[in-house]
Structure formats: C-alpha cells, structure tokens
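Structural characterization, general
These are the residues of each chain, in order.
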Amino acid sequence: MISCCSYSCCWWGRGVIQTTGLCNYGKLNYFLGARAAAEGREAKYPDIDFCKTPDVICSSEEHSELKWIAGLYYWMKEVQEYNKGGWYYKTELHKFVNSGMKDTSFINAVSGIVNRGCHNPPCATGDVDGLHDRRSNFQEVLRAFKLLPRDGPRPSATKTLPPIPAPPGVLFSQTSSDPKLFNAFLHRLSSRRSVLEEKVLSYEATTMGEEDSVVYVQSDLYTFDTLMESVAYAYMVGHAGKRFYVGSITAADDQSTPDLRYGLVNMAAFLAQSQNEGIKGNACDEYHLDSIGGKYPISNSCGQFGNNYQDYECSHKGMQCPVETNMMATAVLSGKYADSPHDYRPNFYCGPDEEFTGAYDPDTMFDVMGPFANSQGRTDVKGCCFWGRGALLTKGTCMLGKLNHYLGKEAANSGRMAMFPDVDFCRNPEDICRHIERHPTIVWDIAFFEWVERIQEYDDGNFNYQLALQQFVDGGMQDPSFINIVSKIVAKGSARAEGTIPFSQQKLNHFNLLMEHLQLKDSTPLVTSDTSSGQRCIPKPATIGPHSSLVPQLFTVLFLGVPYLFTSL
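Residues numbered from 1 in each chain as written. Predicted model: local features only at pLDDT ≥ 70, side-chain atom pairs only at ≥ 80, totals over all residues. Heavy atoms only, no water.

Attention now moves to the packing of aromatic side chains. A complete count under the given rule lists 28 aromatic pairs for this structure. Ring centres of Tyr82 and Trp87 lie 6.0 Å apart, and the angle between their planes is 65°; this geometry places the pair in the edge-to-face category. One exposure class covers both Tyr82 and Trp87, and it is buried. With 4.3 Å between their ring centres and 15° between their planes, Phe270 and Phe448 make a pair best called stacked. Here Phe270, found in helix α12 (residues 261–276), pairs with Phe448, found in helix α17 (residues 442–455); they are 178 residues apart in sequence, far enough to count as distant. For the cation-ring pair, Lys280 lies above Phe503, with the distance from its terminal atom to the ring centre recorded as 3.9 Å. (Phe/Tyr/Trp six-rings, centres within 6.5 Å; stacked < 30°, edge-to-face > 60°. Buried < 20%, exposed > 50% of the residue type's maximum accessible area, 1.4 Å probe, protein only. Helix = DSSP H or I, 4+ residues; strand = E, 2+ residues; numbered from the N terminus. Lys NZ or Arg CZ within 6 Å of the ring centre and 35° of its normal.)

Let's shift gears to the pattern of salt bridges. Within the structure shown, the criterion is met by 19 salt bridges. Asp55 is the salt-bridge partner of Arg14, the closest N and O atoms lying 3.2 Å from each other. One end of the pair, Arg14, is in the segment before α1 (21–31); the other, Asp55, is in the loop between α2 (34–38) and α3 (56–59), with 41 residues separating them in the sequence. Since its relative accessible area comes to 36%, Asp55 is described here as partly exposed. (Salt bridge = Lys/Arg side-chain N within 4 Å of Asp/Glu carboxyl O.)

A few words on the nonpolar core. Ranked by size, the top nonpolar core spans 93 residues in total, and within it Phe244 and Trp444 carry the most contacts. In terms of nonpolar packing, the next biggest core, distinct from the first, is built from 22 residues, Tyr82, Val97, Val114 and Leu147 among them. (Core = buried A, V, L, I, M, F, W, Y, C linked by side-chain atoms within 4.5 Å.)

Across the sheet, three strands lie side by side as β7-β10-β11; this open sheet has antiparallel pairing. Every interior strand has two partners, whereas the edge strands, β7 (296–297) and β11 (366–368), have only one. Judged from the three bridges that link them, strand β10 (residues 359–361) and β11 form a sheet pairing that is antiparallel. For Asp361, the partnering residue across the bridge sits in β11 and is Phe366. (Pairing = 2+ DSSP bridges.)

Looking now at the environment of Leu407. With respect to the secondary-structure elements, Leu407 resides in the loop between α14 (397–406) and α15 (409–413). Leu407 has contacts with His239, Lys402, Ala418, Met419, Phe420, Pro421, Phe425 and Phe449, leaving out every residue within four places of it along the chain. (Contact = heavy atoms within 4.5 Å.)

By volume, the second largest pocket amounts to about 440 Å³. Forming the walls of the second largest pocket are 21 residues, and the residues nearest its centre are Glu204, Tyr216, Gln275, Lys280 and His510. Within the residue set of the lining of the second largest pocket, elements represented by two or more residues are α10 (193–199), β3 (202–207), α12, α13 (336–339) and α20 (504–517). No other element matches α20, which puts five residues into the lining of the second largest pocket. (1 Å grid on protein atoms, 1.4 Å probe; cavity = no way out; pocket = protein on both sides within 12 Å on 5 of 7 lines; lining within 4 Å. Points joined across faces, edges and corners; volume = space filled by probe spheres on them.)

This paragraph deals with the state of the cysteines. Considering all chains together, one arrives at five disulfides under this definition. Disulfide pairing is shown between Cys302 and Cys384; the S-S distance is 2.0 Å. Across the disulfide from Cys302 to Cys384, rotation about the S-S bond amounts to roughly 90°, and the bridge is consequently right-handed. Remark: Cys384 occurs in the loop between β11 and α14 and Cys302 occurs in the loop between β7 and β8 (329–330); sequence separation between them is 82 residues. Each of the two residues, Cys302 as well as Cys384, counts as buried. (Disulfide = S-S within 2.5 Å.)

What follows is the structure, encoded as structure tokens:
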C-alpha cells in the first residue's frame, strides 16, 4: 500500500496545486521521502516523512522548493499521464497546439482533472471551482509566454506537433487491475491450454532402447496451472509496484473492449525466453550449456557465456546480495539433464574449499581433473552461488537481492508483505529449487518478477521495451528485431550487447510458434532465419518536447495558469 496509514484530518491541500489526501501524500513519501529511503530506493528527501509531517511542504525553510515539488510531482503523475474514457492528456495537448490554441475545452478538461479527478466534470462532486478564472489565467500565461498576442486575432497554427497515440508508457501504467481485461486474457490462454502444454510447457527427452529416440515430455515443474496462478498474481497484485502487462481497454461508441494483442505478444515474448531457459531442460536450476573445447568447466556456476553472476550490480547497491566466499550450495538437477546418460551434465555447485575445479567431458563421460577455466577465466567456485533458477533462470547478485527485498526473507524481517518469507534469496538461494513442493509457483513467480522489473521497464535511451512492443504490434507483428533485441536484454542485460547471443535463433523460432499458438497471426512465421544485424535501435518514446519549442512552454503554462485555484484530489 502506497497511501499514508492514518485517518486523521491532517491531509488538507498544501503547495502550489494544493496537494491533498492520504494517497497523494503517501505517494510523495513512497517515491521521494523517508519510505523510499527505508526500502533502499533513491530518495530526494530521505529525512522527510510526508505522512507523519505533511506540513513540511509549507513550513520547511531548508527545502522551500517543496511547495513546487509537491505540485510538480502531482502534475507529472496525475495530469500528464491522465488517460481515461478516451481522453489522453498528451494527445489532447497536441490537438490544442495544432488547432491554433483556440479551443477552451482543453483547459476545461485539465481543470476538471486537477479539481475533480476527471476530464468531464461534473463526474465527481459538481462543477469545477473557479473555472472562469482558470480559463482567464491560462490565457494570460499563454500571452506572457508570447504564444498568444496581447491584442488582436489569434494566429493560425504555423507550427504543429505530430499527433501522439496513447504510448506504451500509458498502456503499461495501470495503477489498478481490470477484471474484465484480465478475464479476457485468461480466457484466451485457457482456450489454448492443450497446445501450450504440448508445444510450450514440454521438454525434449531421450528414451533408452535398442535405438535411442527423442520424445517430448510434458513438464511436471512448469505446469499450466502454476503459470496461470503466477500470472494472476503478477497482474492483479504485481511485483515491486509493477504489473505484468496483459493488454488494454479500448473505448469506442461508449463500449469498452479488451485489446489483448499487446498483452499476448508480451506473454509470447516471456514464454519464448522461458522455453529456452528453464523449460527446455525441465530444470529449476541452471545447467551447463557453455562448453570450452567440447568440455563443461565446473566453474560455469560462476557464469556462462562471458558473464560473472556475482558481479551483477544494482543501481542501488544496498539492494544486491553480498558475495560470501564461504557459502555452499549444490543445484538440484532434474529433467532432461538428469534422466539420460547421453544428456547428463554435472550439478552446479559453489563452495569455499577448492582452489580450482576441473571440467566434465560429455564424450567420455569422465571428469577432467586440474584447473579448467570457464569463459571468464574462473577456475574456482568460491562465492559462485548466484546461478540462474526458475523459468527465466533468474540469476546474479542484483536480481536475487531484489527478490529477497521484495518477496523473500528481507521483506518479512522488515515487516513487509512477503510471498516467500522463509526463502533467503541471498544466503540460501538454492531454497528456490530445493523446496518446490512447498512453493510450486516459485519458478514462475521469480521469472515474472524479473520480467516486470527488468524487461518491461527496459529503456536505455535507444531501445524502450514498451514502445518497441507497441511498434511491433502496430507494424503487423513482422519485424524480428523486437524479439532479437529482447533476447539480448535477457541474456546480456543490454540491447546493445555485442557478440553472439546464446540460442537467439531458437528463441526467435519459439516466438514465431507462440504467435501461432496464441492465435495472433496465421501460420506464416515472422521470419525463417535471424536476418537482424542486432544493431537496429528503436527510438525512445517521444516525450513531448523534441519536435517543437512550443511544448515545454505549454507544460509550464498549464502548470502556472491558476495555481491558487487548483485543488488536487
């Protein structure tokens, strides 16, 4: 819960837009104040508890800017991102500018959002207070910014801004769950249960006999029922304040209709990656895939394909797991790589005692003794307990630390809600896989956590996942660069990663097939081979501003227009 936990009468309006209410003060505290600092997140005002001392907004001499900060924060979160009933603020702003800034309906709607929480008052408790003054002040600030003349007719629109459709940032920004939308999403998945179980939630196994043969076995670890339970939690409750994106509601002719295309593509991308990570081996723990000279270094537990898992750092360093060289853990091997001698790979393990480890030779089925380095030159396994686990093989000190902070023992010890209060993802990460019978959904839950935290939110200035997803769908779901770049982010942590991305072609093939399985397109694959150079970068979502100097001025005009009359909910 983000709002302040009190029902006293201390939440009257303060600051330039008169920020009011438990919810808005709670958001200030959660994102900017003492609660953010207490939970290990970046905090602009770590010593200010906006819930316990709301009057600091008006009384602080040290931070006199809080009168503006409170208003600006509200404006950015509640007004700029407003998108309800077919009225999206940024699109309407562009329309207003492009039409010559003549129509009063725009400022009327904005005033309604600020004063009544909706763009079409009287939607709540009556008409907007002081609407005439708000319009007049808006016009006056437009003139002060020389966007309108002091006297004479208004100019025709000589500069125009490109129209903005509702961007994925809005599509993904659901602050509450929508039962109608989610029921439609679950219905689509449930209608495809049999094909998903047969084609996606299964793994390749070798049968022993006079002639070995390959069969596909339905996974007993990655089941359809546990998948549905986990995606329901990831959407209805969410992880770390974020929800798994399942689609959006479109409004037309007073009818709302779930648009599942974007959400189903998001699910297809998630499952395509999961198929090639945990599902294909029916394994909870990561297993040997990175061979050196045909042999598997035992030190692969420290990292495969050029990665060092214990070096994965969080932007907030207090969040990541500490590396302790005396830690000990042994992977639970199951499924494909445990059942067949032909596919056998030794368990990952970590421990403090050995100065060096060897390798496993799958051709001779014998261990190779003596120092044998992995792809990063490691020959020991000290502190190397952070290998991948679960559907996405979630790995590294940063992500496991976040799991502990939000879902695990650290959350429970801090008095916060914890999905897995008995699991210490940092000190005993192998508890993820060792106690599946106690937590059968955990293999999916940690994968969804990583997806909403790391993949859905990815934006490096050149590639933004949310925008790329929207462009992929709107472009006819044909461009393979979308899933190729997602595979880079999953495997290497960056859309700009150089070198070979492990199993990128298989992930592309899985994605193609999932698009068919989820009935998103016909049987024609997106591509038949990976033709992407991997260098294509999709532009960052257009923030309103790069196209014309009018836009930042308009934001300021709206914000400054009638501050003493704006009363936020």
